[in-house]
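One letter stands for each residue in the lines below.
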Amino acid sequence: MSAKVSFKDLGLVNTKEMFRKAFAGKYAIPAYNFNNMEQLQAIVTGCAESDSPFILQVSSGARKYANQTLLRFLAQGASAMLSEMNPHLKFSLHLDHGDSFELCKSCIDTGFSSVMIDGSHFPYEENIVLTKKVVEYAHQFDVTVEGELGVLAGIEDDVHAEHSTYTHPDEVLDFVKRTNVDSLAISIGTSHGANKFKPEQCTRNADGILVPPPLRFDILEEIEKRIPGFPIVLHGSSSVVPKYVQMINQNGGKISDAVGIPEEQLRRAAASSVCKINIDSDGRLVFTAMIRKVFKEKPAEFDPRKYLGPARDELKLMIIEKNKTVLGSAGKGKEIFG
Ligand code: G3H
Ligand code: 13P
Ligand code: ZN
(Lines give C-alpha, C1' and ligand atoms only; values in the text may rest on other atoms or scores of the structure.)
(Ligands and ions follow the chains in the order given, each with its own letter.)
Protein backbone atom coordinates (compact mmCIF):
# COMPACT_ATOMS: atom_id res chain seq x y z
CA MET A 1 0.00 0.00 0.00
CA SER A 2 1.22 3.52 -0.78
CA ALA A 3 2.56 5.79 1.92
CA LYS A 4 -0.40 6.95 3.98
CA VAL A 5 -0.95 10.18 5.79
CA SER A 6 -3.66 9.76 8.40
CA PHE A 7 -5.99 12.68 8.98
CA LYS A 8 -5.57 11.97 12.69
CA ASP A 9 -1.90 12.95 12.52
CA LEU A 10 -2.93 16.28 10.98
CA GLY A 11 -5.28 17.16 13.83
CA LEU A 12 -8.42 16.67 11.72
CA VAL A 13 -11.62 14.79 12.53
CA ASN A 14 -14.05 12.76 10.47
CA THR A 15 -17.68 13.86 10.33
CA LYS A 16 -19.18 11.28 12.73
CA GLU A 17 -19.25 13.17 15.99
CA MET A 18 -20.07 16.49 14.32
CA PHE A 19 -23.11 14.97 12.62
CA ARG A 20 -24.24 13.17 15.79
CA LYS A 21 -24.18 16.45 17.72
CA ALA A 22 -25.70 18.46 14.86
CA PHE A 23 -28.60 16.04 14.58
CA ALA A 24 -29.27 16.05 18.32
CA GLY A 25 -28.89 19.83 18.56
CA LYS A 26 -31.03 20.60 15.49
CA TYR A 27 -28.38 22.54 13.59
CA ALA A 28 -26.19 21.79 10.56
CA ILE A 29 -22.45 21.78 9.95
CA PRO A 30 -21.42 24.23 7.21
CA ALA A 31 -19.31 22.80 4.39
CA TYR A 32 -17.44 25.64 2.69
CA ASN A 33 -15.53 25.11 -0.57
CA PHE A 34 -12.17 26.73 -1.12
CA ASN A 35 -9.63 27.05 -3.94
CA ASN A 36 -7.08 29.55 -2.64
CA MET A 37 -5.38 30.89 0.46
CA GLU A 38 -7.65 33.88 1.02
CA GLN A 39 -10.83 31.79 0.93
CA LEU A 40 -9.20 29.37 3.35
CA GLN A 41 -8.20 32.18 5.72
CA ALA A 42 -11.76 33.51 5.68
CA ILE A 43 -13.29 30.10 6.42
CA VAL A 44 -10.88 29.30 9.25
CA THR A 45 -11.02 32.70 10.93
CA GLY A 46 -14.81 33.02 10.45
CA CYS A 47 -15.44 29.62 12.02
CA ALA A 48 -12.82 30.11 14.74
CA GLU A 49 -14.33 33.46 15.74
CA SER A 50 -17.89 32.13 15.73
CA ASP A 51 -16.77 28.86 17.38
CA SER A 52 -18.44 26.83 14.67
CA PRO A 53 -17.50 23.29 13.68
CA PHE A 54 -16.96 23.17 9.93
CA ILE A 55 -16.06 21.09 6.91
CA LEU A 56 -13.43 22.30 4.46
CA GLN A 57 -14.49 21.16 1.04
CA VAL A 58 -12.20 20.51 -1.90
CA SER A 59 -13.60 19.67 -5.32
CA SER A 60 -11.52 17.79 -7.88
CA GLY A 61 -11.46 21.09 -9.85
CA ALA A 62 -10.03 22.87 -6.79
CA ARG A 63 -7.36 20.18 -6.47
CA LYS A 64 -6.36 20.68 -10.08
CA TYR A 65 -6.48 24.49 -9.87
CA ALA A 66 -4.36 24.85 -6.75
CA ASN A 67 -2.18 21.75 -7.20
CA GLN A 68 -3.27 18.78 -5.13
CA THR A 69 -0.14 18.70 -2.99
CA LEU A 70 -0.20 22.42 -2.23
CA LEU A 71 -3.90 22.29 -1.45
CA ARG A 72 -3.41 19.50 1.05
CA PHE A 73 -0.64 21.38 2.80
CA LEU A 74 -2.79 24.51 2.85
CA ALA A 75 -5.42 22.49 4.70
CA GLN A 76 -2.81 21.12 7.06
CA GLY A 77 -1.60 24.65 7.69
CA ALA A 78 -5.19 25.62 8.40
CA SER A 79 -5.33 22.96 11.10
CA ALA A 80 -2.24 24.45 12.79
CA MET A 81 -3.58 27.98 12.44
CA LEU A 82 -6.94 26.98 13.88
CA SER A 83 -5.36 25.41 16.93
CA GLU A 84 -3.71 28.75 17.69
CA MET A 85 -6.93 30.71 17.21
CA ASN A 86 -9.42 28.40 18.88
CA PRO A 87 -7.59 25.48 20.54
CA HIS A 88 -10.54 23.14 21.06
CA LEU A 89 -12.03 23.51 17.55
CA LYS A 90 -11.44 20.92 14.81
CA PHE A 91 -12.58 20.49 11.22
CA SER A 92 -13.01 17.81 8.57
CA LEU A 93 -11.19 17.92 5.23
CA HIS A 94 -13.67 16.60 2.69
CA LEU A 95 -13.53 15.69 -0.99
CA ASP A 96 -16.56 17.22 -2.72
CA HIS A 97 -18.19 15.29 -5.60
CA GLY A 98 -15.57 12.55 -5.90
CA ASP A 99 -16.26 10.84 -9.19
CA SER A 100 -14.07 7.74 -8.99
CA PHE A 101 -12.68 5.22 -6.53
CA GLU A 102 -9.14 6.30 -7.49
CA LEU A 103 -9.77 9.96 -6.65
CA CYS A 104 -11.34 9.06 -3.30
CA LYS A 105 -8.44 6.71 -2.49
CA SER A 106 -5.90 9.38 -3.38
CA CYS A 107 -7.57 11.81 -0.96
CA ILE A 108 -7.90 9.22 1.78
CA ASP A 109 -4.22 8.33 1.37
CA THR A 110 -3.14 11.95 1.71
CA GLY A 111 -4.93 13.08 4.84
CA PHE A 112 -8.58 13.76 3.96
CA SER A 113 -10.89 12.76 6.81
CA SER A 114 -14.02 12.47 4.69
CA VAL A 115 -14.88 11.89 1.03
CA MET A 116 -17.96 12.11 -1.13
CA ILE A 117 -18.40 9.51 -3.83
CA ASP A 118 -21.00 10.94 -6.17
CA GLY A 119 -22.47 8.02 -8.05
CA SER A 120 -25.79 9.77 -8.45
CA HIS A 121 -25.50 9.95 -12.24
CA PHE A 122 -25.05 6.19 -12.52
CA PRO A 123 -27.85 3.64 -12.56
CA TYR A 124 -28.85 2.66 -9.00
CA GLU A 125 -27.00 -0.68 -8.83
CA GLU A 126 -23.79 0.87 -10.23
CA ASN A 127 -24.01 3.66 -7.69
CA ILE A 128 -24.23 1.02 -4.95
CA VAL A 129 -21.21 -0.97 -6.20
CA LEU A 130 -19.02 2.15 -6.51
CA THR A 131 -20.12 3.66 -3.20
CA LYS A 132 -19.62 0.37 -1.34
CA LYS A 133 -16.10 0.02 -2.75
CA VAL A 134 -15.16 3.51 -1.52
CA VAL A 135 -16.73 2.87 1.90
CA GLU A 136 -14.86 -0.41 2.35
CA TYR A 137 -11.55 1.33 1.63
CA ALA A 138 -12.31 4.48 3.66
CA HIS A 139 -13.57 2.73 6.77
CA GLN A 140 -10.27 0.87 7.18
CA PHE A 141 -8.83 4.28 8.03
CA ASP A 142 -11.82 5.70 9.90
CA VAL A 143 -12.53 8.10 7.02
CA THR A 144 -16.24 8.87 6.62
CA VAL A 145 -18.08 8.67 3.29
CA GLU A 146 -20.96 10.67 1.83
CA GLY A 147 -23.02 9.06 -0.94
CA GLU A 148 -25.71 10.60 -3.11
CA LEU A 149 -29.10 9.49 -4.36
CA GLY A 150 -31.09 11.66 -6.74
CA VAL A 151 -29.68 14.22 -9.15
CA LEU A 152 -29.60 17.94 -8.41
CA ALA A 153 -31.15 20.08 -11.05
CA GLY A 154 -29.16 22.76 -12.77
CA ILE A 155 -30.27 25.72 -14.81
CA GLU A 156 -29.67 23.68 -17.95
CA ASP A 157 -31.96 20.88 -16.87
CA ASP A 158 -35.69 21.04 -17.09
CA VAL A 159 -36.79 21.09 -13.55
CA HIS A 160 -40.43 20.57 -12.91
CA ALA A 161 -42.26 18.99 -10.04
CA GLU A 162 -42.77 15.59 -11.61
CA HIS A 163 -39.20 15.34 -12.77
CA SER A 164 -37.69 12.16 -11.45
CA THR A 165 -34.40 13.70 -10.35
CA TYR A 166 -35.67 14.04 -6.77
CA THR A 167 -34.44 11.35 -4.42
CA HIS A 168 -36.83 8.40 -4.22
CA PRO A 169 -37.56 7.80 -0.52
CA ASP A 170 -38.12 4.11 -1.25
CA GLU A 171 -34.47 3.66 -2.23
CA VAL A 172 -32.71 5.27 0.72
CA LEU A 173 -32.87 2.46 3.30
CA ASP A 174 -31.63 -0.15 0.82
CA PHE A 175 -28.84 2.20 -0.36
CA VAL A 176 -27.65 3.06 3.13
CA LYS A 177 -27.74 -0.59 4.30
CA ARG A 178 -25.97 -2.03 1.27
CA THR A 179 -23.27 0.65 0.97
CA ASN A 180 -22.73 1.39 4.68
CA VAL A 181 -22.23 5.11 3.89
CA ASP A 182 -22.02 7.57 6.79
CA SER A 183 -24.20 10.30 5.28
CA LEU A 184 -26.46 10.73 2.29
CA ALA A 185 -26.80 13.70 -0.07
CA ILE A 186 -30.33 14.04 -1.39
CA SER A 187 -32.15 16.01 -4.04
CA ILE A 188 -35.19 17.93 -2.82
CA GLY A 189 -35.05 20.98 -5.06
CA THR A 190 -31.70 22.62 -4.37
CA SER A 191 -29.30 23.16 -7.25
CA HIS A 192 -25.70 24.22 -7.85
CA GLY A 193 -24.56 27.68 -8.91
CA ALA A 194 -25.99 31.21 -8.83
CA ASN A 195 -28.92 30.55 -11.18
CA LYS A 196 -30.68 27.77 -9.35
CA PHE A 197 -34.02 28.22 -11.08
CA LYS A 198 -35.22 29.69 -14.33
CA PRO A 199 -37.20 32.94 -13.88
CA GLU A 200 -40.33 31.23 -15.20
CA GLN A 201 -40.16 28.75 -12.32
CA CYS A 202 -40.19 31.63 -9.80
CA THR A 203 -42.59 34.28 -8.62
CA ARG A 204 -41.52 37.86 -7.81
CA ASN A 205 -41.88 39.59 -4.44
CA ALA A 206 -42.88 43.24 -3.95
CA ASP A 207 -39.27 44.36 -4.57
CA GLY A 208 -39.12 42.45 -7.84
CA ILE A 209 -36.78 39.82 -6.36
CA LEU A 210 -37.24 36.30 -7.77
CA VAL A 211 -38.76 33.88 -5.26
CA PRO A 212 -37.99 30.24 -6.08
CA PRO A 213 -40.30 27.26 -5.65
CA PRO A 214 -40.07 25.86 -2.11
CA LEU A 215 -37.87 22.88 -1.28
CA ARG A 216 -39.66 19.52 -1.17
CA PHE A 217 -39.79 19.09 2.59
CA ASP A 218 -42.42 16.40 2.04
CA ILE A 219 -39.76 14.23 0.34
CA LEU A 220 -37.29 14.96 3.15
CA GLU A 221 -39.89 13.85 5.70
CA GLU A 222 -40.49 10.59 3.80
CA ILE A 223 -36.73 9.99 3.76
CA GLU A 224 -36.50 10.68 7.51
CA LYS A 225 -39.20 8.08 8.14
CA ARG A 226 -37.22 5.43 6.23
CA ILE A 227 -33.82 6.19 7.87
CA PRO A 228 -34.53 7.93 11.18
CA GLY A 229 -31.56 9.77 12.66
CA PHE A 230 -29.37 9.23 9.59
CA PRO A 231 -27.30 12.32 8.60
CA ILE A 232 -28.61 13.98 5.44
CA VAL A 233 -26.61 16.39 3.27
CA LEU A 234 -27.90 19.29 1.17
CA HIS A 235 -25.80 20.37 -1.79
CA GLY A 236 -26.51 23.50 -3.82
CA SER A 237 -27.48 25.48 -0.74
CA SER A 238 -26.12 28.95 -1.34
CA SER A 239 -28.74 31.61 -0.79
CA VAL A 240 -27.20 33.76 -3.56
CA VAL A 241 -27.28 36.83 -1.31
CA PRO A 242 -28.91 39.66 -3.36
CA LYS A 243 -26.58 42.26 -1.78
CA TYR A 244 -23.53 40.71 -3.43
CA VAL A 245 -25.20 40.11 -6.79
CA GLN A 246 -26.17 43.80 -6.80
CA MET A 247 -22.65 44.84 -5.85
CA ILE A 248 -21.26 42.82 -8.76
CA ASN A 249 -23.72 44.35 -11.21
CA GLN A 250 -23.14 47.89 -9.90
CA ASN A 251 -19.43 47.51 -10.45
CA GLY A 252 -19.28 46.35 -14.02
CA GLY A 253 -20.47 42.76 -13.69
CA LYS A 254 -23.41 41.14 -15.42
CA ILE A 255 -25.13 38.40 -13.47
CA SER A 256 -28.73 38.04 -14.58
CA ASP A 257 -31.64 36.21 -12.97
CA ALA A 258 -29.56 35.00 -10.02
CA VAL A 259 -31.61 33.08 -7.49
CA GLY A 260 -30.69 30.95 -4.48
CA ILE A 261 -32.30 29.02 -1.66
CA PRO A 262 -34.07 31.33 0.81
CA GLU A 263 -32.44 31.42 4.22
CA GLU A 264 -35.58 30.47 6.13
CA GLN A 265 -35.77 27.23 4.15
CA LEU A 266 -32.16 26.45 4.98
CA ARG A 267 -32.89 27.14 8.66
CA ARG A 268 -35.79 24.71 8.52
CA ALA A 269 -33.55 22.10 6.87
CA ALA A 270 -30.79 22.64 9.44
CA ALA A 271 -33.24 21.87 12.25
CA SER A 272 -34.19 18.55 10.60
CA SER A 273 -31.99 15.52 9.85
CA VAL A 274 -29.96 17.67 7.46
CA CYS A 275 -26.57 17.72 9.21
CA LYS A 276 -24.39 19.22 6.45
CA ILE A 277 -25.14 22.19 4.19
CA ASN A 278 -22.84 22.92 1.21
CA ILE A 279 -21.97 26.50 0.35
CA ASP A 280 -19.67 27.46 -2.51
CA SER A 281 -21.39 29.98 -4.80
CA ASP A 282 -22.05 32.49 -2.01
CA GLY A 283 -18.32 32.63 -1.29
CA ARG A 284 -17.56 33.14 -4.98
CA LEU A 285 -20.09 35.98 -5.21
CA VAL A 286 -18.67 37.80 -2.17
CA PHE A 287 -15.16 37.55 -3.55
CA THR A 288 -16.14 38.81 -6.98
CA ALA A 289 -18.27 41.62 -5.55
CA MET A 290 -15.47 42.96 -3.37
CA ILE A 291 -12.78 42.70 -6.02
CA ARG A 292 -14.98 44.49 -8.56
CA LYS A 293 -15.74 47.23 -6.01
CA VAL A 294 -12.06 47.85 -5.30
CA PHE A 295 -11.18 47.86 -9.00
CA LYS A 296 -13.94 50.35 -9.76
CA GLU A 297 -13.15 52.65 -6.84
CA LYS A 298 -9.36 52.42 -7.15
CA PRO A 299 -8.48 51.76 -10.78
CA ALA A 300 -4.79 52.36 -10.10
CA GLU A 301 -4.56 49.61 -7.47
CA PHE A 302 -2.38 46.68 -8.43
CA ASP A 303 -1.29 45.15 -5.12
CA PRO A 304 -3.20 41.83 -4.84
CA ARG A 305 -3.39 42.23 -1.06
CA LYS A 306 -5.43 45.39 -1.55
CA TYR A 307 -8.22 43.63 -3.42
CA LEU A 308 -7.94 40.04 -2.17
CA GLY A 309 -7.72 41.30 1.42
CA PRO A 310 -11.10 43.10 1.39
CA ALA A 311 -12.63 40.06 -0.38
CA ARG A 312 -11.27 37.78 2.33
CA ASP A 313 -12.52 40.04 5.12
CA GLU A 314 -16.03 40.28 3.69
CA LEU A 315 -16.18 36.50 3.17
CA LYS A 316 -15.25 36.03 6.83
CA LEU A 317 -18.13 38.30 7.88
CA MET A 318 -20.55 36.40 5.66
CA ILE A 319 -19.43 33.08 7.13
CA ILE A 320 -19.89 34.32 10.69
CA GLU A 321 -23.37 35.57 9.80
CA LYS A 322 -24.33 32.29 8.14
CA ASN A 323 -23.03 30.19 11.03
CA LYS A 324 -25.06 32.30 13.46
CA THR A 325 -28.32 32.82 11.64
CA VAL A 326 -28.67 30.06 9.02
CA LEU A 327 -26.74 26.95 10.06
CA GLY A 328 -27.13 27.44 13.81
CA SER A 329 -23.60 26.05 14.21
CA ALA A 330 -22.05 29.13 15.87
CA GLY A 331 -21.02 28.52 19.45
CA LYS A 332 -21.23 24.72 19.10
CA GLY A 333 -17.48 24.07 18.88
CA LYS A 334 -17.01 23.78 22.62
CA GLU A 335 -19.96 21.41 22.94
CA ILE A 336 -18.50 19.02 20.34
CA PHE A 337 -14.76 19.25 20.97
CA GLY A 338 -14.39 21.12 24.26
O1 G3H B 1 -20.67 21.38 -6.28
C2 G3H B 1 -19.69 21.86 -6.83
C3 G3H B 1 -18.85 22.85 -6.13
O4 G3H B 1 -19.49 24.11 -6.14
C5 G3H B 1 -17.46 22.87 -6.69
O6 G3H B 1 -17.41 23.48 -7.92
O7 G3H B 1 -16.12 21.91 -9.37
O8 G3H B 1 -16.27 24.36 -9.91
O9 G3H B 1 -14.91 23.57 -7.98
P10 G3H B 1 -16.09 23.32 -8.86
P1 13P C 1 -23.78 26.14 -4.22
O2 13P C 1 -23.45 26.25 -5.67
O3 13P C 1 -25.23 26.40 -3.96
O4 13P C 1 -22.91 26.94 -3.34
O5 13P C 1 -23.54 24.59 -3.81
C6 13P C 1 -22.25 24.13 -3.49
C7 13P C 1 -22.18 22.65 -3.40
O8 13P C 1 -23.14 21.93 -3.35
C9 13P C 1 -20.82 22.08 -3.34
O10 13P C 1 -20.84 20.68 -3.39
ZN1 ZN D 1 -22.46 19.89 -4.57
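Everything in this summary refers to the structure shown in the same document. The shown structure was predicted, so the numbers you read here are calculated from the model rather than taken from an experiment. (Residues numbered from 1 in each chain as written. Chains lettered and ligands numbered in written order. Predicted model: local features only at pLDDT ≥ 70, side-chain atom pairs only at ≥ 80, totals over all residues. Heavy atoms only, no water.)

Here's the deal with helix H1 (residues 16-25)
Consideration 1: Taken as a whole, H1 has its buried residues at Met18, Phe19 and Ala22. One side of H1 carries all its buried residues, which in axial view fall inside an arc of 95°. With respect to the buried face of H1, the exposed residues turned more than 90 degrees away are Arg20 and Ala24.
Consideration 2: If you follow the buried residues of H1, they end up packed against strand S1 (29-33), strand S2 (54-59), strand S3 (91-98), strand S6 (183-186), strand S10 (274-279) and helix H13 (333-337).
Consideration 3: Just past H1, the residue Lys26 takes up positive phi, approximately 60°. (Buried < 20%, exposed > 50% of the residue type's maximum accessible area, 1.4 Å probe, protein only. Helix = DSSP H or I, 4+ residues; strand = E, 2+ residues; numbered from the N terminus. Arc of directions from axis to C-beta. Contact = heavy atoms within 4.5 Å.)

Here's the deal with the site of ligand 2
Consideration 1: Surveying the vicinity of ligand 2 reveals 16 residues, the closest of which are Asp96, Lys196, Ser238, Asp280 and Ser281.
Consideration 2: Within the backbone of Gly236, an N or O atom sits 2.8 Å from an oxygen atom of ligand 2.
Consideration 3: A distance of 2.6 Å is found between an oxygen atom of ligand 2 and a side-chain nitrogen or oxygen belonging to Ser238.
Consideration 4: The fraction of the free accessible surface of ligand 2 (310 Å²) that becomes covered by protein chains is 97%.
Consideration 5: More than half of the atoms belonging to ligand 2 lie within 2 Å of the grid points that define the second largest pocket. (Near = heavy atom within 4 Å. Polar contact = N/O pair within 3.5 Å; in protein donor to acceptor, adjacent residues only side chain to side chain. Areas by Shrake-Rupley, 256 points an atom, 1.4 Å probe, with all protein chains shown as cover. 1 Å grid on protein atoms, 1.4 Å probe; cavity = no way out; pocket = protein on both sides within 12 Å on 5 of 7 lines; lining within 4 Å. Sits in = over half its atoms within 2 Å of the grid points.)

Some details on the layout of surface pockets
Consideration 1: Taken as a whole, the largest pocket encloses approximately 420 Å³ of empty space.
Consideration 2: Looking at which element gives the most residues to the lining of the largest pocket, the answer is helix H9 (residues 242-250), with four residues.
Consideration 3: A per-class count over the lining of the largest pocket returns 13 nonpolar, seven polar and five charged.
Consideration 4: A volume near 290 Å³ is recorded for the second largest pocket.
Consideration 5: Lining of the second largest pocket is provided by 19 residues; of these, His192, Gly193, Asp280, Ser281 and Arg284 occupy positions nearest its centre.
Consideration 6: Within the residue set of the lining of the second largest pocket, elements represented by two or more residues are S2, S3, S10 and helix H11 (281-297).
Consideration 7: Looking at which element gives the most residues to the lining of the second largest pocket, the answer is H11, with three residues.
Consideration 8: Residue composition of the lining of the second largest pocket, by class: three nonpolar, twelve polar and four charged. (Points joined across faces, edges and corners; volume = space filled by probe spheres on them. Nonpolar A, V, L, I, M, F, W, Y, C, P; charged D, E, K, R; others polar.)

Examining the coordination of the zinc ion (ligand 3)
Consideration 1: Looking at the zinc ion (ligand 3), the protein donor atoms are His97 (NE2), His192 (NE2) and His235 (ND1), and they sit 2.1 Å from it.
Consideration 2: Read in sequence order, the donor residues for the zinc ion (ligand 3) give the motif H-x94-H-x42-H. Separated by 43 residues along the polypeptide, His192 in the loop between S6 and strand S7 (203-204) and His235 in the loop between strand S9 (232-234) and H9 bring together distant segments of the chain.
Consideration 3: Look at His192 and you get partly exposed, because its relative accessible area is 41%. (Donors = N, O, S within 2.8 Å, 3.2 Å for Na, K, Ca; no water.)

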